[in-house]
Amino acid sequence: MNKNIRIRICTGTTCYVMGASDLLVLEEHLSAEQLSRISITGAACLGLCREHGLKPPFVQVNDGIISMATIEKVLDAVKAETEGGLYAYDK
Ligand code: FES
């Protein structure tokens, strides 16, 4: 079942220098059909960079947090969210 997905890419300083800049091309990896159902925004700081045990960069997909986020991880989460599967979020 299709549903809308919210993606927030942390572009705070810590996440940005740890690789979030590479995530800003996420849209290029999504189909037009996916893009019609996904909102992608930046976040100044998701407040996770001060938590122990989680490593930046962080991306929030709906209510789930991906740490050490990569394009591939976000695409896997999007696939799970759109197809009703499970994704092992870090938080
Ligand atoms: S800079 Fe990304 S969570 Fe703080």
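For the structure, check the block above.
Report follows, based on the coordinates. As the structure is a computational prediction, the values presented were derived from the model and not from experiment. Residue positions are counted from 1 within each chain, in the order its sequence is given. In keeping with the model being predicted, local features are shown solely for residues with a pLDDT of at least 70 and side-chain atom pairs are shown and tallied solely at 80 or more, while totals for entire chains, interfaces and linings include all residues. Each side-chain value is derived from all of the structure's non-hydrogen atoms; neither hydrogens nor water enter the calculation.

### Quick word on the environment of Q34
Moving on, step 1. Helix and strand definitions here come from DSSP, where helices need a minimum of 4 consecutive H or I residues and strands a minimum of 2 consecutive E residues; each element is numbered from the N-terminal end. If you trace the backbone, Q34 turns up in helix α2 (residues 32-35).
Moving on, step 2. Buried means the residue's accessible area, taken with a 1.4 Å probe over protein chains only, is under 20% of the maximum for its type, while exposed means over 50%, and partly exposed covers the values in between. Under the relative-accessibility criterion, Q34 is labelled partly exposed at 22%.
Moving on, step 3. Other than its neighbours up to four places away in sequence, Q34 contacts H29 and V78. By definition in these notes, contact holds between two residues if any of their heavy atoms fall within 4.5 Å.

### Some remarks on the packing of aromatic side chains
Moving on, step 1. By convention, a stacked pair of Phe, Tyr or Trp rings (six-membered ring in the case of Trp) has centres within 6.5 Å and planes under 30 degrees apart, an edge-to-face pair has planes over 60 apart, and any other such pair is tilted. A complete count under the given rule lists one aromatic pair for this structure.
Moving on, step 2. Centre to centre, the rings of Y87 and Y89 are 5.0 Å apart; their planes meet at 65°, and the pair counts as edge-to-face.
Moving on, step 3. Accessibility expressed as a relative area gives 22% for Y87, which makes it partly exposed.

### Quick word on unusual backbone geometry
Moving on, step 1. Cis geometry marks the peptide bond from P56 to P57; its omega dihedral reads 0°.
Moving on, step 2. We note that N62 has phi near 50°; this positive angle belongs to a residue other than glycine.
Moving on, step 3. For N62, the location among the structural elements is in the loop between β3 (59-61) and β4 (64-66).
Moving on, step 4. Accessibility expressed as a relative area gives 11% for N62, which makes it buried.

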